[in-house]
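Report on the structure
Read off the chains here:
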Amino acid sequence: MSNKLRTQLPFGGLDETASELLERLARVTPLKTWVLAEVKNDHWIIRACTDATFGLKVNQFLSWPESVCRSMMVMGGPQFAPDLRKFEHLAQAPGATKLGIASYLGVPIRIPGKVEGMLCGLDNKVVDEKFEHLVPLVETFGRVLAGSWAQHLAEFHQASPDIQRPHKAGMLDGLYDLGTFRDLLQAAADNHHSTEQGGL
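First things first, this report covers the structure right here in the doc.

Calculation notes
Residues numbered from 1 in each chain as written. Predicted model: local features only at pLDDT ≥ 70, side-chain atom pairs only at ≥ 80, totals over all residues. Heavy atoms only, no water. Helix = DSSP H or I, 4+ residues; strand = E, 2+ residues; numbered from the N terminus. Buried < 20%, exposed > 50% of the residue type's maximum accessible area, 1.4 Å probe, protein only. Contact = heavy atoms within 4.5 Å. Expected span 1.5 Å × (residues − 1). Arc of directions from axis to C-beta. Salt bridge = Lys/Arg side-chain N within 4 Å of Asp/Glu carboxyl O.

**Points about the environment of cysteine 69**
Summarising the element assignment, cysteine 69 is placed in helix α2 (residues 68–75). Since its relative accessible area comes to 2%, cysteine 69 is described here as buried. Considered as a pair, cysteine 69 and tyrosine 104 are 35 residues apart in the sequence and their alpha carbons are 9.1 Å apart. Excluding anything up to four places from it in sequence, cysteine 69 contacts Trp44, Trp64, Tyr104, Met118 and Cys120.

**A closer look at helix α1 (residues 14–28)**
Taking 1.5 Å as the rise per residue, α1 with 15 residues should run 21 Å; its terminal C-alpha atoms sit 21 Å apart, in good agreement. Within the sequence span of α1, burial applies to Leu14, Thr17, Ala18, Leu21, Leu22, Leu25 and Ala26. Buried residues of α1, viewed axially, fall in a sector of 155 degrees; they line one side.

**Observations regarding the pattern of salt bridges**
Under the criterion given, the structure shown has 5 salt bridges. Linking arginine 47 and glutamate 38 is a salt bridge whose minimum nitrogen-to-oxygen distance equals 2.6 Å. The salt bridge involving arginine 110 is made with glutamate 116; its shortest N-O contact spans 3.2 Å. In this structure glutamate 116 comes out as buried when scored by relative accessible area, which is 0%.

Shown next, in the form of structure tokens:
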């Protein structure tokens, strides 16, 4: 590693922020795939990712009901699973079996009134080492990403005051249906256990 002093400048926007933070997480954690996803209706939409294994791509739509993230939210945890097989509700999520997810760490993200999402790390191998200590770091990265996303949305609306214009696919314009996800967040916060099964 170079000892040369490097002055740090602000990120140029959400894409650069997400790319840098996800790549950093892939380097400093045992999980090599990291995803920033938006939850919208029944979709789990990848907004940024660094994928080493699963073939995931930016703007890819996956099923939110089938996701490991949703199973984690519904059951109130756990946020991290070095060995997914030890948590039946996570291991049996259809998304976990389809992709071959063996280990997981997930953090919910919220921009009140605008966006609900997830920052999550995945791997196709069981992680031998403990990584509970990484949760606060990932939560902090999640807050940074939420702040950058909120700024992106504010700038987008400021530049586009005509909210009646046609919606362009893939644009983060802040028009979201948040009810279901809020219910799941509240259930998780209350440690409410549901019999409903989730997926991916």
